[in-house]
Amino acid sequence: MRDIFRHLRHFRRSLWFKPMSGRQSNISKFFTLGPEDARKKRISTPPAVSENETTSQTVKEKKNVTVALKNEKLTNNGEKRRSDVLESLKEEDKDASDTMEVKRSKVNDQSSASSTSSSSNPISEGDTTPSDIPPIAETPLESTKKQEKKKSHATFADMVSTFTKIEKTSKRLEIIDIMGTYFFSILRNHPDDLLTSVYLSINKLGPDYSGIELGIGESIIMKAVAESTGQTLQQIKQAFHKVGDLGLVAQSSRQNQPTMFQPAALTLPFLFDSLKSIAQMSGNQSQNRKIGLIKRLLSSCQGAEPKYLIRALEGKLRLQLAEKTILVSLANACAQYHADKKHVQLSQSDRIHAEQTLRDVYSQVPSYDIIVPQLIEHGVENLRETCKLTPGVPTKPMLAKPTKQFSEVLDTFDQATFTCEYKYDGERAQVHYTEDGKFYVFSRNSEDMSVRYPDIMASVPKWRKPEAKSFILDCEAIAWDKEENRILPFQKLATRKRKDVKLEEIKVRAGLFAFDILYLNGQSLLDAPFSERRKHLYSMFQPVTGEFDFAKRSDQQSVESIQEFLEESVKDSCEGLMVKMLEGPESRYEPSKRSRHWLKIKKDYLSGVGDSLDLIVVGAYHGRGKRTSVYGAFLLGCHDPDSETIQTVCKLGTGFSEEQLEQFHKQLSQIVIPKKKDFYSHSEAPPHQPDVWFEPKYLWEVLTADLSLSPVYKAAIGYIQEDKGISLRFPRFVRVREDKNWEDATTSEQVSEFYRSQMVHNQTSARASSPNVEEY
Ligand SMILES: Nc1ncnc2c1ncn2[C@@H]1O[C@H](COP(=O)(O)OP(=O)(O)OP(=O)(O)O)[C@@H](O)[C@H]1O
Ligand SMILES: [Mg+2]
Ligand SMILES: [Mg+2]
């Protein structure tokens, strides 16, 4: 019986992929010749772990789980499992009417312009009653009637077979190809499921600002896996300890479980809604309800599905599918789909155009909820017109390049007019105000931080002139000392609570320094020159001491005046200066770009490498002497989005207080992993191995005296020298970056730029100090 089902399944899958085969080669051809290759600046980047290595590792991991599980005496008590399911179902029924709390931290009690389509609560669907339960633990998810209706939906099985292919390669172009083919097939067969398939591929449940996040605790997942596969919690824990991947444990446990009924295929919308429900469950009994729902999902999984389901629940798919990869794949799939619809041939330039358009639009409106329906309907045509900057939806902020020398400023801007502004040391705040008077503050990461700043919200009527009916401002939020009337250091701002902030309880007041305006009264200002945007900014708002002001500026163009202004900024508790292009098309606001048209000069860093780095904590070394109970040093890495690896860059042991070391030990002990991740790139030599490895999670800001080439550390390997990475010399801890995810860490390319600029700087100084050297 099982075999027949297996064959049927296989047959269904082969049908699924058949219509794609012609396309696939087409798409592949394009991708292999794709512009990504040409754009690569590096000499070469060997993959951190070869394909064979990765595959053999996975096989090894699987073996480990099986052995681990076999070592335990498996109690395969069907009766017990059945009663468990009954128990949990009763519990779920009881709890189904509980209200769910939406996590979105929004000040205004309303749904945003683009809020995700309302999710139905799968528990309350009431499609499974205890009497439907078959004699084993596989609870059918949906009645036959419902299955018929949902037959037209994309299945998790097909998504998982795509993920399995991706896991076997580390080549970005191949991954783009596989994902492109997958999205294309969804567009052709189940366009309504495109949005869910995109979200599930990136393991998100909505746009970043929706605040709905997965990341279910290990203990809940282990319980669910144990209960649904008839094992003890102890067995699951031991297997997990051995392999370090609950997904693999779940997969293996499920495979060892005898099944009588083929469960109904898990559809993407059902899975997505269930995950959303799980993420939003809170309050009384929520843990049991979560376990109940996870068990039901698990019982519908087959093959490799449990592995990805569990990883999705944990909030880490481990596929390293970067946003860029998804965007390129999606753009190509849509371009092909619409060309087919119109019976036209798709040219390479059409594809590049599609890719560029989608990337631009996404950086302005980073919400698939808004973009995907338009893509299905019209492709990238008109996308720029239909998906526009809107108050209430955060846009990706423009970023600046660091600079080490004043002369670099003049070189960069050449003859163009520029302007200098104070660089305030607080937190980026994108302030939105909608036509209907709703107010939001978004972080650098597009997270909704409105609840963090009730004091700022309360002050809006004081500084907004009535003519400003809707707007988006780019600001820095700082801590303000009311008594002394001055800016407080960043550390003070960081002491503010991040959630549940009550206006009357605020001790450290926040104020805004506005430096740009992106949207005003129904119009996007992104393409207007900066000088014009500034005029709007000055005319629509008014300064209120300690609550709102414009970033202090100087439009002088000489090196001496920049130097003077820099001194002044530091006296006024600022970090340095931002130098920005003022006039012409190049002074437009470029969302998400780290642009040459914005330079940052930080006073402290002029003698170092020009800027601090934000690095991922990937490992640690046990402390010695006074530090035995904590970690004494840490292994840090930068992010290489192209190869989707984390490359190690230094061992860090200075700059910490005793309290910090204790706190970090507590935090990091929670995320220890049994062995290095496949995508960590570090020397294999035993003396260079840390005592423990961590999940990528925390990002620390680090300063360094200079950079050097290194055979041990792998940062930017291939950028400067084929077989050497770059490492930091005398690194020093500055602070934890809570406003950035680990994916936003300093990139390998940035590390290589720091190194190059240091080389240029050193050569210039050498020439200046010994003018005759070159003559000999
Ligand atoms: N006048 C200003 N114009 C633009 N940004 C400003 C200004 N004053 C302060 N800032 C802040 O400076 C930040 C850029 O410099 P900073 O070195 O602090 O960047 P960061 O947050 O560490 O990010 P990265 O290092 O990735 O650029 C902006 O994101 C913004 O928060
Ligand atoms: Mg800053
Ligand atoms: Mg920085």
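Residues numbered from 1 in each chain as written. Chains lettered and ligands numbered in written order. Predicted model: local features only at pLDDT ≥ 70, side-chain atom pairs only at ≥ 80, totals over all residues. Heavy atoms only, no water.

1. Re the overall build of the chain
The helix and strand tally for the chain stands at 26 helices and 22 strands. Per-residue burial over the chain gives 55% buried out of 776 residues. Contacts in the chain between residues at least 24 apart in sequence constitute 76% of all its contacts with a sequence separation of at least 6. Here the chain has roughly 34100 Å² of accessible surface; of this, 50% comes from carbon and sulfur atoms. (Helix = DSSP H or I, 4+ residues; strand = E, 2+ residues; numbered from the N terminus. Buried < 20%, exposed > 50% of the residue type's maximum accessible area, 1.4 Å probe, protein only. Contact = heavy atoms within 4.5 Å. Areas by Shrake-Rupley, 256 points an atom, 1.4 Å probe, with all protein chains shown as cover.)

2. Overview of the side chain of Arg533
Mapped onto the secondary structure, Arg533 falls in helix α23 (residues 530–540). Here the side chain of Arg533 touches Ala528 through a polar contact of 2.8 Å, landing on its backbone oxygen. Once you skip the residues sitting within four places of it in the chain, Arg533 turns out to touch Asp516, Ile517, Leu525, Leu526, Ala528, Ser587, Arg588 and Tyr589. (Polar contact = N/O pair within 3.5 Å; in protein donor to acceptor, adjacent residues only side chain to side chain.)

3. Looking at empty space enclosed by the protein
Where empty space is left becomes clear once a probe the size of a water molecule has been rolled over the atoms. Throughout the structure, instances matching the rule amount to seven cavities of 30 Å³ or more. Looking at the lining of the largest cavity, its residues break down into seven nonpolar, two polar and four charged. Taken domain by domain, the lining of the largest cavity gets at least three of its residues from each of domain 2 (156–314) and domain 3 (323–386). (1 Å grid on protein atoms, 1.4 Å probe; cavity = no way out; pocket = protein on both sides within 12 Å on 5 of 7 lines; lining within 4 Å. Points joined across faces, edges and corners; volume = space filled by probe spheres on them. Nonpolar A, V, L, I, M, F, W, Y, C, P; charged D, E, K, R; others polar. Domains from an automatic or database assignment.)

4. Re unusual backbone geometry
Most of the time, phi is negative for any residue but glycine, and the peptide bond is trans. Phi angles above zero are rare outside glycine, and His343 is one such case at about 55 degrees. For His343, the location among the structural elements is in the loop between α16 (323–342) and α17 (348–364). Phi is positive for Asn382, which is not a glycine, with a value near 65 degrees. Relative to the helices and strands, Asn382 is located in the loop between α18 (368–378) and α19 (383–386).

5. Structural notes on the pairing of strand β5 (residues 471–481)
Extensive coverage of β5 is indicated by the burial of 11 of its 11 residues. Of the two faces of β5, the one holding Phe471, Leu473, Cys475, Ala477, Ala479 and Asp481 and the one holding Ile472, Asp474, Glu476, Ile478 and Trp480 are both buried throughout. Inspection of the sheet shows strand β3 (residues 427–433) paired to β5 by seven bridges, in the antiparallel sense. In the sheet register, Gln430 faces β5, and the bridge partner there is Asp474. Sheet topology note: the β5/strand β6 (residues 486–488) ladder contains three bridges and is antiparallel. Directly across from Asp481, in β6, lies its bridge partner Arg486. (Pairing = 2+ DSSP bridges.)

6. A short note on the pattern of salt bridges
Tallied over the entire structure, the rule returns 41 salt bridges. The residue Glu575 makes a salt bridge to Lys423 at a minimum N-O spacing of 2.6 Å. Of the two residues, Glu575 is situated in the loop between α24 (559–571) and β11 (576–581) and Lys423 in strand β2 (residues 418–423); the sequence distance between them amounts to 152 residues. Looking at Glu575, the relative accessible area reads 15%, which means it is buried. Classification of Lys423 by relative accessible area gives buried; the value is 13%. (Salt bridge = Lys/Arg side-chain N within 4 Å of Asp/Glu carboxyl O.)

7. Brief notes about helix α15 (residues 305–314)
In terms of burial, α15 is largely enclosed, as 10 of its 10 residues are buried. Considered for burial, the residues of α15 that qualify are Glu305, Pro306, Lys307, Tyr308, Leu309, Ile310, Arg311, Ala312, Leu313 and Glu314. Positive backbone phi, approximately 85 degrees, marks Gly315, located one or two places after α15.

8. Focus on the state of the cysteines
Evaluated as defined, the whole model comprises zero disulfides. Of all cysteine sulfurs in the structure, the one in Cys650 sits closest to Cys638, which takes part in no disulfide; the separation is 9.7 Å. For Cys638, a relative accessible area of 0% gives the class buried. (Disulfide = S-S within 2.5 Å.)

9. Re the site of ligand 1
Taken together, 18 residues lie around ligand 1, and Arg444, Glu476, Lys600, Lys602 and Arg737 are the ones closest in. Taking Glu421, its side chain carries an N or O atom lying 2.9 Å from a nitrogen atom of ligand 1. One of the side-chain N or O atoms of Arg444 is found 2.7 Å from an oxygen atom in ligand 1. Sorting the residues of the shell around ligand 1 by element identifies β2, β11 and β12 (594–602) as the ones contributing at least two each. Counting residues per element, the shell around ligand 1 draws most heavily on β12, which supplies four residues. Each residue belonging to the shell around ligand 1 can be placed in one class, and the counts come to five nonpolar, no polar and 13 charged. In this structure, the shell around ligand 1 is formed jointly by two domains, domain 4 (399–607) and domain 5 (613–764), each of which donates at least three residues. (Near = heavy atom within 4 Å.)

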